[in-house]
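Structural overview for review
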Amino acid sequence: MKLRHVVLGFLPLLILAGCVSPLKTSSINLHTFIGCAVREFTFLARKPGCKGMRITTDACWGRCETWEKPVLDPPYIDAHHRVCTYNETKLVTVKLPNCAAAVDPSYTYPMAIRCDCGVCATATTECETV
């Protein structure tokens, strides 16, 4: 169970990495796209005692519609916040190269299968600004 929490902790990093270094180009205009989609990207997998390895995987990427409007009754705001989040993932394990003898070379990360605009789930996404 602890491994799952550690692996799921990497999901926000994967989302950021997907926005920073996308590899795949498509016919979708990413500047005007509203929605949530699976998108390919590459990140550097690192672990103490092992050499880093570039991994290409899929992550969720996109912008979802969100709005707020004032209302007269507490809490004085009606909010509709949706984020691009993981709907289904698959765990993938690779072996990192050149690991020290006492270090397990296994590195597990999540790969997005399906993404949707939805309520922010703290188990898979950083939600502190929502």
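Under an unreviewed UniProt entry, the name given to the chain is Glycoprotein hormone beta-5, and the source organism is Gopherus evgoodei. Among the UniProt annotations of the chain, the heading Sequence similarities (unreviewed entry) holds the following wording: "Belongs to the glycoprotein hormones subunit beta family." Its UniProt record gives the chain a comment under Subunit (unreviewed entry), which states: "Heterodimer with GPHA2; this heterodimer interacts with thyroid-stimulating hormone receptor (TSHR), and hence stimulates cAMP production."

Right, let's get into the overall build of the chain. Assigned secondary structure in the chain consists of two helices and six strands. Moving toward the C terminus, one meets the helices and strands of the chain in the order α-α-β-β-β-β-β-β. In the chain, buried positions account for 32% of the 130 residues. In the chain, the proportion of contacts linking residues at least 24 apart, taken out of those at least 6 apart, comes to 58%. Element-wise, carbon and sulfur atoms account for 57% of the exposed surface of the chain, whose accessible area totals about 8600 Å².

Moving on, we come to the state of the cysteines. Evaluation of the coordinates by the stated rule reveals four disulfides. Here C64 pairs with C117 through a disulfide, and the sulfurs are 2.1 Å apart. Across the disulfide from C64 to C117, rotation about the S-S bond amounts to roughly -85°, and the bridge is consequently left-handed. On the criterion of sequence distance, the pair formed by C64 in the loop between β2 (53–63) and β3 (67–70) and C117 in strand β6 (residues 106–118) is long-range, its members being 53 residues apart. Judged by its relative accessible area of 13%, C64 falls in the buried class.

So, about the side chain of T108. Among the secondary structure elements, T108 is positioned in strand β6. For T108, a relative accessible area of 17% puts it in the buried group. Among the polar contacts made by the side chain of T108, one reaches the side chain of T93 at a distance of 2.9 Å.

Each value, and the rule that gives it
Residues numbered from 1 in each chain as written. Predicted model: local features only at pLDDT ≥ 70, side-chain atom pairs only at ≥ 80, totals over all residues. Heavy atoms only, no water. UniProt positions renumbered as here; feature names shortened; annotations may be inferred. Helix = DSSP H or I, 4+ residues; strand = E, 2+ residues; numbered from the N terminus. Buried < 20%, exposed > 50% of the residue type's maximum accessible area, 1.4 Å probe, protein only. Contact = heavy atoms within 4.5 Å. Areas by Shrake-Rupley, 256 points an atom, 1.4 Å probe, with all protein chains shown as cover. Disulfide = S-S within 2.5 Å. Polar contact = N/O pair within 3.5 Å; in protein donor to acceptor, adjacent residues only side chain to side chain.

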